[in-house]
Amino acid sequence: MQYPKGKLIAIGGAEDKGTNLEAGEIYRNNLNFFELGILRRVVEEAGGVDARIEVITTASTIPYEVGDNYMNAFGKIGCTNIGVLHIRNRQDTANPEFLDRIKNCNAVMFSGGNQLRLSVTDGGTEFLAVLKKRYQEEKGFVVAGTSAGAMAMSKTMIYEGNAARAYLKGEVKMTTGLGFIDNVIIDSHFEKRGRFVRLTQAVATNPSCIGIGLGEDTGMLITEGNKMEAIGSGLVIIIDGHDMMHSNIADIPDGNPISIENLRVHFCEKGNGYLVKERQFLMEAKDGALIKKQVHVE
């Protein structure tokens, strides 16, 4: 089977810190859900500041605010060829203008919000079929997504699950995502929102999939549908259930604690990588080469 020629960039998101005027604290309202360092990498992979990038705000409940924030963020990097597609329903996906724009851009960026909105709105449409065909066939075409936009990239997708109750069977809800990549499950805001057990249950019920837990201001660049490179300042956690031995999840009633033996877990910092098909950790992921990283100690 031919590997995809395009690139995926799945980004873990970042907290909206809000404002506390009584305490005299004003935080940046980070509606674009990533730091400019990762945004620069998206632009670089798309072909530079002249690349045409279309932002898709379907997942968000405040699409115009989020769209403006993206335009400002890309502008700070020097990009001037940015568009925003406010696709709110399945009828919008058939808009000839929107279809023409995604046929002629260098990259798309799915914003954060609710990943179920993405799968329900885009699933089975010509809009998604065009994106998937370009991702499969066109070298250099970039599909990026942050938070919900990252979680929706995979064929198997978490759409709901309270982190505090994720150790109980049935508390993690799964459905079909946009399907750019098979055999992985992506979760976002991973450490900040305590989602390790949530992703663990998702992998336990789908052990053919590799779990990818994306920290904030952190992402995975995926090439050939297989080679992953950690980017950004945080941590990516890989959960591999292929070698599970004991698991009670098929036999217990909903609401009971799950029991799993022999999960494999990898921690990836910037520059580390992972090969999905081979289930192999890479100390140095650039170009898929295994090269010992240089550690600088002061």
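Right above here is the structure, for reference.
Everything numeric here is computed off the predicted structure, so don't read it as measured data.

### Focus on the side chain of T125
Thought 1: With respect to the helices and strands, the residue T125 is situated in the loop between α5 (115–122) and α6 (126–137).
Thought 2: Discounting chain neighbours no more than four positions away, the residues touching T125 are R90 and T93.

### Things to note about the pairing of strand β1 (residues 7–11)
Thought 1: In terms of burial, β1 is largely enclosed, as five of its five residues are buried.
Thought 2: Of the two faces of β1, both are covered, the one formed by K7, I9 and I11 as well as the one formed by L8 and A10.
Thought 3: As paired strands, β1 and strand β12 (residues 218–223) are joined by five bridges and run antiparallel to one another. Bridge pairing links L8 to I222 in β12.
Thought 4: One ladder, built from five bridges, connects β1 with strand β7 (residues 142–146); its direction is parallel.

### Points about the sheet that holds strand β10 (residues 184–187)
Thought 1: As summarised here, the arrangement of the four strands in space is β10-β11-β14-β15, forming an open sheet in which the pairing is mixed. Each end of this open sheet is capped by a strand with a single partner; those strands are β10 and β15 (264–268). The mean angle between the axes of side-by-side strands here comes to 20°, regardless of whether they run parallel or antiparallel.

### A few points about the pattern of salt bridges
Thought 1: For the structure on display, the rule yields 16 salt bridges.
Thought 2: Two residues, R195 and D187, come together in a salt bridge whose shortest N-O distance is 3.7 Å.
Thought 3: Classification of R195 as buried rests on a relative accessible area of 13%.
Thought 4: The buried category is assigned to D187, whose relative accessible area is 0%.
Thought 5: One salt bridge in this structure joins K227 and E224, with 3.9 Å as the shortest N-O distance.
Thought 6: Residue classification places E224 among the partly exposed residues on the basis of a relative accessible area of 28%.

### Let's talk about the sheet that holds β7
The pairing of strands in a sheet comes from backbone hydrogen bonds and takes either a parallel or an antiparallel form.
Thought 1: With respect to topology, nine strands assemble into an open sheet ordered β5-β4-β6-β7-β1-β12-β13-β16-β17, the strand pairing being mixed. The sheet terminates laterally at β5 (82–85) and β17 (280–282), the two strands that pair on one side only. Averaged over all adjacent pairs, the angle separating strand axes in this sheet is 20°, with direction ignored.
Thought 2: Along the sheet face, helix α1 (residues 36–46) touches β1, β4 (53–56), β6 (107–110), β7, β12 and β13 (227–232) and points at about 170° away from the line of β1.
Thought 3: With respect to the sheet, helix α2 (residues 63–77) is in contact with β4, β5, β6 and β7, its orientation differing from that of β5 by roughly 165°.

The rules behind the values
- Residues numbered from 1 in each chain as written.
- Predicted model: local features only at pLDDT ≥ 70, side-chain atom pairs only at ≥ 80, totals over all residues.
- Heavy atoms only, no water.
- Helix = DSSP H or I, 4+ residues; strand = E, 2+ residues; numbered from the N terminus.
- Contact = heavy atoms within 4.5 Å.
- Buried < 20%, exposed > 50% of the residue type's maximum accessible area, 1.4 Å probe, protein only.
- Pairing = 2+ DSSP bridges.
- Axes fitted to C-alpha atoms, helices over the stretch in contact; angles between N-to-C directions.
- Salt bridge = Lys/Arg side-chain N within 4 Å of Asp/Glu carboxyl O.

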